[in-house]
Amino acid sequence: MSRADGILFDKDGTLFDFHATWSVWAHGVIADLSEGSPDVMARMAHEAHYDLVARRFHPTSPIIAGTNREAAECLGRALPGRAVDEIEDHLRLSAATAPLAPAVPLAPYLEGLAARGLRLGVMTNDTEYGARAHLGKAGVLGHFDFIAGFDSGYGAKPAPGPLLAFARAMALEPARVIMVGDSTHDLMAGRAAGMQCVGVLTGTASRADLESLADIVLPDIGHIPAWLTA
């Protein structure tokens, strides 16, 4: 017997490898918004905790688990005179075209989970627009029963509201839902919602960061089916 009736996935760092997707994207965003100024690029990288040489976010970056608005406010501190709304809109549009690196081949993976009778959802602190664009680009938009971003009206992680919205929409008991994520924000939200929590290591957090909040920490989402029936 499976231990769950539904799985709610984080998107970035969970369905998609974080560094291969977002660390690559961030370098282009910093270059665009700085208009090529090395000094401005350096200030933006400092605020974002981003290594311009390695082209990689540091684990301490406030952008990793933040909302699109919080990312805009972070970068805006290095861009005096630029409206945060303008930066936020730039991030929203550019993020929709970010290079995607799925953690596993997603279509057959999700089809396998659905064949078990599981209801599937995505809750991200990205925008819902960005989530739908990415899932559509990956060819798996139709595989999910529920998709929400921080701007979908349910709140943002680590608050449990958007996770409980998934449970309500699917008519599931929270205890029979698994929250899967790569960050402490994901797992804190899962714990607060009374859900089972699975951490994955395709983001920036280490096993040590996640294990106190997770029922189990796995290398990637591909290991979940075996765990479900273990």
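See the structure above.
Owing to the predicted nature of the structure, the values given are computational and were not obtained by experimental measurement.

**Q** Could you clarify how one ought to interpret the packing of helix α1 (residues 18–34) against helix α4 (residues 84–95) in this entry?
**A** At a minimum axis separation of 11 Å, α1 and α4 run at an interaxial angle of 135°. On the basis of the axis angle, α1 is oblique to α4. Considering only the axes of α1 and α4, their crossing is right-handed. For the pair α1 and α4, contact is made by Trp 22, Trp 25, Val 29, Asp 32 and Leu 33 and by Ile 87, His 90, Leu 91, Ser 94 and Ala 95, respectively.

**Q** I'm lost on the sheet that holds strand β7 (residues 196–200) in this one. Help?
**A** Across a sheet, strands are paired by hydrogen bonds formed along the backbone, either parallel or antiparallel in direction. Pairing is parallel in the open sheet, where 6 strands are placed in the order β5-β4-β1-β6-β7-β8. The two strands at the open ends of the sheet, each matched to only one other strand, are β5 (146–148) and β8 (216–218). Going across the sheet, the axis of each strand differs from the next one's by a mean of 20°, ignoring polarity. Bridging between β7 and β8 involves 3 bridges; their strand directions are parallel. From the neighbouring strand, Gly 199 faces β8, where its bridge partner is Val 217.

**Q** Explanation requested: the layout of surface pockets in the structure shown.
**A** Once rolled over the atoms, a probe with the size of a water molecule shows which space is left empty. Estimated volume of the largest pocket: approximately 170 Å³. Taken together, Pro 59, Ser 61, Ile 64, Ala 65, Asp 182, Ser 183, Thr 184, His 185, Thr 204, Ala 205 and Asp 209 form the lining of the largest pocket. Of the residues in the lining of the largest pocket, the class split is 4 nonpolar, 5 polar and 2 charged.

**Q** Honestly, the pattern of salt bridges in this entry has me stumped. Any pointers?
**A** In this structure the tally under the stated criterion is 14 salt bridges. Measuring nitrogen to oxygen at the nearest pair gives 2.8 Å for the salt bridge that ties Arg 92 to Asp 89. Taken together, the residues span about one helical turn, with Arg 92 and Asp 89 both in helix α4 at a distance of 3 residues. Across the salt bridge formed by Arg 119 and Asp 145, the nearest N and O atoms sit 3.3 Å from each other. Of this pair, Arg 119 sits in strand β4 (residues 119–123) while Asp 145 sits in the loop between α6 (128–137) and β5; the two residues are 26 residues apart in sequence, bridging distant segments of the chain. We classify Asp 145 as partly exposed; its relative accessible area is 38%.

**Q** Can you help me understand α4 in this one?
**A** Residues three or four positions apart in an α-helix share a direction because the helix packs 3.6 residues into each turn. Compared with an ideal rise of 1.5 Å per residue, which puts 12 residues at 16 Å, α4 spans 16 Å between its outermost C-alpha atoms and is within 8% of the ideal. Listed in full, the buried residues belonging to α4 are Ile 87, Glu 88, Leu 91, Ser 94 and Ala 95. The arc that holds the buried residues of α4, viewed along the axis, is 140°, so those residues lie on one side. Close packing links the buried residues of α4 with α1, α3 (68–76) and α6.

**Q** Where do I start with helix α5 (residues 106–115) in this structure?
**A** Within α5, burial applies to Leu 106, Tyr 109, Leu 110 and Leu 113. Buried residues along α5 cover an arc of 90° about the axis, so they all sit on one side. For α5, the exposed residues set more than 90 degrees away from the buried face come down to Pro 108 and Ala 115. Tucked into the core, α5 has its buried residues touching β1 (6–9), β4 and α10 (224–228). Where α5 ends, the next residue or the one after it, Gly 117, has phi of about 90°, a positive value.

**Q** Any chance you could explain the environment of Cys 197 here in plain terms?
**A** On the secondary structure map, Cys 197 appears in strand β7. In this view, Cys 197 contacts Met 179, Leu 187, Gly 190, Arg 191, Leu 213, Ala 214, Asp 215 and Ile 216; residues no more than four positions away in its chain are not counted.

**Q** How should the side chain of His 19 be read in this particular structure?
**A** Assignment of secondary structure puts His 19 in helix α1. Here Arg 56 takes part through its side chain, which lies 3.4 Å from a polar atom of the side chain of His 19. Discounting chain neighbours no more than four positions away, the residues touching His 19 are Val 24, Arg 56, Phe 57, Gly 203 and Thr 204.

**Q** Help me understand the side chain of Ser 183, please; the structure alone is not making it clear to me.
**A** With respect to the secondary-structure elements, Ser 183 resides in the loop between β6 (177–181) and α8 (184–192). A polar contact of 3.3 Å, which involves the side chain of Ser 183, links it to the backbone nitrogen of His 185. Within polar-contact distance, the side chain of Ser 183 engages the side chain of Asp 186 at 3.1 Å. Residues in contact with Ser 183, not counting those within four places in the same chain, are Ala 65 and Leu 210.

Reading guide: rules and limits
Residues numbered from 1 in each chain as written. Predicted model: local features only at pLDDT ≥ 70, side-chain atom pairs only at ≥ 80, totals over all residues. Heavy atoms only, no water. Axes fitted to C-alpha atoms, helices over the stretch in contact; angles between N-to-C directions. Helix = DSSP H or I, 4+ residues; strand = E, 2+ residues; numbered from the N terminus. Parallel < 35°, antiparallel > 145°, perpendicular 65-115°, else oblique. Left-handed = near helix turned anticlockwise from the far one by under 90°. Contact = heavy atoms within 4.5 Å. Pairing = 2+ DSSP bridges. 1 Å grid on protein atoms, 1.4 Å probe; cavity = no way out; pocket = protein on both sides within 12 Å on 5 of 7 lines; lining within 4 Å. Points joined across faces, edges and corners; volume = space filled by probe spheres on them. Nonpolar A, V, L, I, M, F, W, Y, C, P; charged D, E, K, R; others polar. Salt bridge = Lys/Arg side-chain N within 4 Å of Asp/Glu carboxyl O. Buried < 20%, exposed > 50% of the residue type's maximum accessible area, 1.4 Å probe, protein only. Expected span 1.5 Å × (residues − 1). Arc of directions from axis to C-beta. Polar contact = N/O pair within 3.5 Å; in protein donor to acceptor, adjacent residues only side chain to side chain.

By themselves, these are just geometric observations and shouldn't be taken as functional.
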